[in-house]
Every structure is written in structure tokens, then in C-alpha cells.
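# Examining the three-dimensional arrangement
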Amino acid sequence: MRAADIMTTEVITVTPETEVSEVAKLLVEHSISAVPVVDSELHILGIVSEGDLIRRIRKSRDGAPRSSTWRKIFSGTSVEDYVKTRGRHAAQVMSTDILTVTEDELLYRIARVLEKNNVKRVPVVRDGKLVGIISRSNLLRGFATAKPDIGSDADDLSIRKAIYKELRGLSGLMGERLNIIVAEGHVQLWGLVENKEQRWAVQVAAENTPGVKRVTNHLGFVPRGIGGY
């Protein structure tokens, strides 16, 4: 299996101008650990992670009072650290050392990238533009579904795309909360939905897609007061 078979295609993103407070709200609302920062053509400029924001909060609490800010800078604190802990926009706090993979990257290689670099997710790009994101949970589901000999990758990928396309026409569903994996016509539905009606709707969409042989529904429900993927 490859990146295109398991990646989340509905990716929450922000622009360089997005306020840091808005980034934090998105992480909480959608239950995600990071957001890519992209330009108007979806080129990835950086990533803001929960780790970036947590470090920001910790350093702000441990730092010196505002009145001694400039004294602190000239006595040892770097300008870069000052911007990251006090910047108001995504471009000022994002990490720019970005790891990416392509749609054709094999799962075991992606696993090595995550492990070697101790990261939780990696953006998927096509011609330098963001087309999806793969998290550790995506990888685990992919490995759980994969079989030693899969001879219908192209058909499986077409099925997956067709299901996502069908779901985009359903109001109320948040695509970034869903992860659909297809192997040899067997569709596995993962992620979170708001209610049982949405859970059934996703299953029906999968069952009615040409080429689907079997559907296994692992969809769970969003806890009250919490967002998604």
C-alpha cells in the first residue's frame, strides 16, 4: 500500500496570516495535533503543531516581565526564540523544517520517516502542493488492512476516491474526520461522526460504490463538546 491509499485528503490548513489564537482553536475544535501553513496555491510553507504552542505557553509563563523584554534579548535570548514565543501569526511561530512524502511512497518508508524524526504526521505532496496528510493512526490502520499480495491497487484507489467524492455531497459530514481504506475491494471506515445517521450514511455511500466487495464500519462518535480527526 502507498500514501495515496491511506492519507486523509480533507486537510485543515491555515495561511501565514492566521492568528495564533485561531490556530489553537482549530487544533482543539478538530482534535488534531498540527496544521500545515500554505499559500494560495497550497504550497506548504510550514507547520504549526501543538508542541509549538505548548512551548510558547511554557516559555511565556517562565519568561521575564514585559518591562525587561529587551534586556533579556540582549543578555542571551535569541531573536528567533523571542518571535516564536510572542508572534501573533502562524508565519511567525511555524516550524519551517518540513518533512513531506509523495502519493506513491510506500507505507514502510513513511513509518521510517515518522520514527526517525519523531514526528506524528507527515504532509503528502504532488508537484510541491499539499494533497493529503498521514498520521500515525492512518499508518496503523493501513498496516492492519494491508495484505502480502495486493494486485488491485489502482482499482482500490479509484474506489476510495469515488467514496470520498460521494461523501462531499452530504451536508453536515466533516471529511477531515474520516479515513477510508480500501484493500482488494474491502472498505474499512475509520474516524468520527456526529450521530448514527451520519454513520449509516457513510456506510451506505461505501456499499453503493461500484467495485466494493465488503464494508467494515469502525466509525465512532465525537464526544460531546469535542471536534474531530
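Residue positions within a chain follow its written sequence, with the count starting from 1. pLDDT decides what is reported in this predicted model: residues at 70 or higher carry local features, side-chain atom pairs at 80 or more are listed and counted, and totals for whole chains, interfaces and linings draw on all residues regardless. Side-chain numbers here rest on the full set of heavy atoms in the structure, without hydrogens or water.

### Regarding the sheet that holds strand β4 (residues 121–126)
For two strands to be treated as a pair, DSSP must find at least two bridges joining them. Strands are runs of DSSP state E lasting at least 2 residues, helices are runs of H or I lasting at least 4, and numbering of each runs from the N terminus. Read across the sheet, 3 strands follow the order β3-β4-β5 without closing on themselves; strand pairing throughout is mixed. Edge positions in the open sheet fall to β3 (101–102) and β5 (129–135), since each of these has one partner strand only. When β4 meets β5, the two strands line up antiparallel, connected through 6 bridges. When the sheet's bridge partners are listed, Pro123 is paired in β5 with Ile133.

### Comments concerning the packing of helix α7 (residues 107–117) against helix α8 (residues 136–145)
The angle between two axes is taken between their N-to-C directions and runs from 0 to 180 degrees, where each axis is a line fitted to C-alpha atoms and a helix contributes only its stretch in contact. One can describe the packing of α7 onto α8 by two numbers: an axis separation of 11 Å at closest approach and a directional angle of 145°. For the pair α7 and α8, the crossing hand works out as left-handed. Along its contact with α7, which presents Leu107, Tyr108, Ile110, Ala111 and Leu114, the element α8 presents Arg136, Leu139, Gly142 and Phe143. Asp, Glu, Lys and Arg are counted as charged, while Ala, Val, Leu, Ile, Met, Phe, Trp, Tyr, Cys and Pro are counted as nonpolar; the rest, among them Gly, fall into the polar class. Here the contact of α7 with α8 is built from residues that sort into 7 nonpolar, 1 polar and 1 charged. For a crossing to be left-handed, the near helix must be turned anticlockwise from the far one by less than a right angle; the clockwise case is right-handed. The contact criterion used throughout is that any non-hydrogen atoms of two residues lie within 4.5 Å.

### Thoughts on the pairing of strand β8 (residues 214–217)
Burial of the side chains of β8 is restricted to one face: Val215 and Asn217 are buried, whereas none of Arg214 and Thr216 on the reverse face is. As paired elements, strand β7 (residues 186–193) and β8 share 4 bridges and run parallel to each other. Residue pairing for β8: His186 is matched across the bridge by Arg214. Every crossover in which the path from the first strand over the helix to the second runs clockwise, viewed with the strands pointing away from the viewer, is termed right-handed. In this view, the connection linking β7 to its parallel neighbour β8 by way of helix α10 (residues 196–207) has right-handed handedness. Whether a residue is buried, partly exposed or exposed follows from its accessible area with a 1.4 Å probe, protein chains only, as a fraction of its type maximum: under 20%, in between, or over 50%, in that order.

### Quick look at the pattern of salt bridges
Only one rule defines a salt bridge in this text: a Lys or Arg side-chain nitrogen within 4 Å of an Asp or Glu carboxyl oxygen. If you walk through the whole model with that rule in mind, you get 6 salt bridges. When the shortest N-O distance is used, the salt bridge between Arg168 and Glu10 registers 2.8 Å. On the criterion of sequence distance, the pair formed by Arg168 in the loop between α9 (153–167) and β6 (178–183) and Glu10 in the loop between α1 (3–6) and α2 (20–30) is long-range, its members being 158 residues apart. Arg168 sits in the exposed class, given a relative accessible area of 54%. Overall, the relative accessible area of 25% leaves Glu10 in the partly exposed class. The partner of Arg126 in a salt bridge is Glu103, and the shortest N-O contact between them spans 2.8 Å. Highlighted residues: Arg126 in strand β4 and Glu103 in the loop between β3 and α7, separated in sequence by 23 residues. Overall, Glu103 belongs to the buried group, its relative accessible area being 17%.

### So, the confidence of the model for the protein chain
For the protein chain, mean pLDDT is 84; residues scoring 70 or higher make up 85% of the total. Confidence of the predictor in every single residue is expressed as pLDDT, which spans 0 to 100. Within the model, the stretch residues 64–68 combines pLDDT values under 50 with 2 contacts to residues more than four positions away or in other chains.

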